[in-house]
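# Secondary and tertiary structure notes
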Amino acid sequence: MELKQTPIPLPVLGRVQPRLALSRHLELGVRPNLKTPTEFTNISVDVLEPSGESIGGSILRYGSHTRIITTLALGIREDGGHLDNDASGTIYPILEISRGRVGAPTDEEMSLAQKLFELIKINKVIDSNNLRVGPLGTQIESTIEYPEEEDELQTKRYRYVITANIQVFGRSGPLFDLIWRLMMIALEQCQLPRVYQEANDFKGSQMRVAVRMRGRQLVKEDVGIESLKFDMSNKIPLVTPGSPRPSLLLCFKFGVFEGQVLSDIEGEVEELSVDSVFYLIREENSSVIRHISVQGKAVDYSHLVAALAMSGAAGTS
Amino acid sequence: MSSLEVHAGVLGNSDGSCLYVVNGNKVITSVVGPIEAKARQELPQTVSLEVVVRPVTGLSNSREKLLEEKIRNLLQNIIIGFKYPRQTIQVVVQFLIADGRPEYTALELNMAINSAFYALVDAGVAMYKSFVSTVVAVPPEQGSSLIFDPSMEQIVASKSHHVVTYSVEHDECKIILLESNGLFEMKELKNILDAAKIQCLTVHEDVQRDVIESKLQQDYIWKS
């Protein structure tokens, strides 16, 4: 009996023996996703206009399949006094990777959201002062008047709370770099509505606290958080002009396979095969690095240097 | 130099455990396993690793989930998985005193990794290599020397801080985990990694060896 050689198509080999498939591809100088070892997939990000309760957002397109959408929502909380004296603020992300099922968040979703929360704060992306609610306006009939300075009689101070809802469609590999880019652009374009209270709150038998006139303004001595409203026609930017732009903080991912650094790992074969994965956040047009996280079998300094060089080429292209 | 206390085998009902105290922060880690895996955890060719991190107070949340993921990814590459197919090893890290802030987990990650090493050794789990973790903070002042095992205040005030874990095998060190945050350049990172390597080798020789030797003496005390 003659035994015939059975050819195994590459997609099948990739599922059965991902390391072998990746190794064979790299011998030919190309990866299973047809990128070269130092190539990055194109990313485009569009800003979403505020609508309804959203104060901003962005949509990211990565390759031909992955789409990530974030919308930013706003809330208000009371200022924590000395507990809120950090120089930098952060956001509260809720992340969902669509996999055709509903249920509790997966470990990956929780880890990604937490990492984003931590790194936005550590990298001082948001100035904590910009999250302070400014002088409260007062709506009298159809106009809202804002005092120039905060009223000293107002004992309570408030802060904005930004919640980011992130939806991932068509996951094709590790996601943190994509989510970071998406979020930086969303935050850069985000505008915070000023806060006011309606004059009705001061009138008649519903009045709960002392109100007095000062100049042409009504002043409420202590404002309840429930009576505050957003003035969507009067907004101030979250990132003030002149301060560092979040979108200049670029995040890249890399993998190390048999001692070779692969940029922007993508696809099941690469994700399953690489020995180590690392993320790098750097400033654009600068040699300053903001974050590196490495996990894996064995990474050395030369891999990090190679990754930085690749990220530099990608950042300028 | 930081104050460091390591007590292995402190829990009677687990296969391995370690009480790890550094600069007043305290963590207790237990290892149970290899034990029979739950059906959904069972992996045909390797061990399934379950890592649970519990905070000082309250319930675990996404902060602990991220720590669990980092520790699990590290241990997966260290434990010789094929020796325990269809089995589970459970690692539970319980912080007792932790100088932590919501966004800074460097100290906790470092403590968890180091205590997990002693607990795994105590449990007799087969590992490819030893590993040692250290935290390095770079002070904001130009020319200041690096701070090893810094306090939380030093981390917050630092220019950058780094959790570096090296695997150690016959004096050969490889980075198996690196978490760097702050402002730094590649040249600086090289110096930090070199300094961390020396620190890790020192801890490996002076602390890890001593703890393992004294543990073995305790285990075989009936022989003498």
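Remember, predicted model here, so these are calculated numbers, not experimental data.

Before going further, it helps to spend a moment on a negative patch on the surface. On the surface, a cluster of negative charge is made up of B:Asp171, B:Glu205, B:Asp206, B:Asp210 and B:Glu213. Mapped onto the fold, B:Asp210 is located in helix H4 (residues 186–219).

With that settled, the discussion passes to the pattern of salt bridges. Residue and element names in this part refer to chain A. One pass over the structure, following the stated rule, counts 25 salt bridges over all chains. Between Arg19 and Asp275 there is a salt bridge, with the nearest N and O atoms lying 2.8 Å from each other. Here the residue Arg19 occupies a position in helix H2 (residues 18–27), and Asp275 occupies one in the loop between helix H5 (268–273) and strand S16 (276–283), the gap between them amounting to 256 residues. Linking Arg61 and Asp46 is a salt bridge whose minimum nitrogen-to-oxygen distance equals 2.7 Å. With Arg61 in strand S2 (residues 54–62) and Asp46 in strand S1 (residues 43–48), this pair connects stretches of sequence that are 15 residues apart. What makes Arg61 partly exposed here is its relative accessible area of 30%. The network of salt bridges with shared partners includes Lys35, Asp177, Lys253, Asp264 and Glu266.

Attention shifts here to the interface of chain B and chain A. With 31 residues of chain B at the contact, the number on the chain A side is 30 residues. Interface area for chain B against chain A, summed over the two sides, is near 2900 Å², with a carbon-plus-sulfur share of 56%. When the area that chain B buries against chain A is broken down by residue, the three leading residues are B:Leu66, B:Glu103 and B:Met186, summing to 21%. Counting the contacts that link chain B with chain A gives two salt bridges. Of the charged contacts, one joins B:Arg72 and A:Asp107 as a salt bridge, the two residues approaching to 4.0 Å between their closest N and O atoms. There are 14 residue pairs in polar contact (both at pLDDT 80 or more) connecting chain B and chain A. For the side of chain B that touches chain A, the secondary-structure elements that each account for two or more residues are helix H1 (62–76), strand S9 (172–184) and H4 of chain B.

Residues and elements named next belong to chain B. Mapped onto this structure's residue numbering, the UniProt feature "domain: Exoribonuclease phosphorolytic" (unreviewed entry) falls at residues 4–125 and 145–197. In this annotation, residues 4–125 is assigned 27% helix and 34% strand; the end-to-end C-alpha distance for the span is 24 Å. The span residues 145–197 is 34% helix and 47% strand, and its two end C-alpha atoms sit 16 Å from each other.

So, about the sheet that holds strand S4 (residues 48–54) of chain B. Residue and element names in this part refer to chain B. Strand order in the open sheet made by the five strands is S1-S2-S3-S5-S4, with mixed pairing throughout. At either end of the open sheet lies a strand with only one pairing partner, and these are strand S1 (4–8) and S4. Along the sheet, successive strands turn relative to each other by an average axial angle of 15°, direction set aside. Sheet topology places S1 next to strand S2 (residues 16–22); five bridges connect them, and they run antiparallel. The partner of Leu4 across the bridge, within S2, is Val22. The strands touched by H1 are S4 and strand S5 (87–97); relative to S4, the strand with the most contacts, the crossing angle is about 145°.

Our next topic: the sheet that holds strand S3 (residues 66–78) of chain A. Pairing between sheet strands relies on hydrogen bonds along the backbone, with the strands arranged either parallel or antiparallel. All names here are of chain A. An order of S1-S2-S3-S9-S5 is seen for the five strands of this open sheet, with the pairing classed as mixed. In the strand order of this sheet, the two ends are held by S1 and strand S5 (92–97), each with one partner. On average, each strand axis in the sheet is inclined to that of its neighbour by 15°, with strand direction left out of account. Direction of pairing for S2 relative to S3: antiparallel, over a ladder of eight bridges. Residue pairing in the sheet places Gly57 in a bridge with Thr71 of S3.

All names here are of chain A. Assignment of secondary structure puts Val195 in strand S10 (residues 191–198). We classify Val195 as buried; its relative accessible area is 1%. Counting along the chain gives 158 residues from Val195 to Pro37, while the straight-line C-alpha distance between them is 51 Å. In this view, Val195 contacts Ile76, Val133, Pro135, Leu136, Gly137, Tyr146, Tyr160, Leu228, Lys229 and Phe230; residues no more than four positions away in its chain are not counted.

Procedures and definitions
- Residues numbered from 1 in each chain as written.
- Chains lettered and ligands numbered in written order.
- Predicted model: local features only at pLDDT ≥ 70, side-chain atom pairs only at ≥ 80, totals over all residues.
- Heavy atoms only, no water.
- Patch = residues over 30% accessible without salt bridge, like charges linked within 9 Å, V, L, I, M, F, W, Y side chains within 5 Å.
- Areas by Shrake-Rupley, 256 points an atom, 1.4 Å probe, with all protein chains shown as cover.
- Salt bridge = Lys/Arg side-chain N within 4 Å of Asp/Glu carboxyl O.
- Lys, Arg positive; Asp, Glu negative; His and termini not counted.
- Charge placed at Lys NZ, Arg CZ, Asp CG, Glu CD.
- Helix = DSSP H or I, 4+ residues; strand = E, 2+ residues; numbered from the N terminus.
- Buried < 20%, exposed > 50% of the residue type's maximum accessible area, 1.4 Å probe, protein only.
- Contact = heavy atoms within 4.5 Å.
- Buried area = accessible area lost by both parts, 1.4 Å probe.
- Polar contact = N/O pair within 3.5 Å; in protein donor to acceptor, adjacent residues only side chain to side chain.
- UniProt positions renumbered as here; feature names shortened; annotations may be inferred.
- Pairing = 2+ DSSP bridges.
- Axes fitted to C-alpha atoms, helices over the stretch in contact; angles between N-to-C directions.

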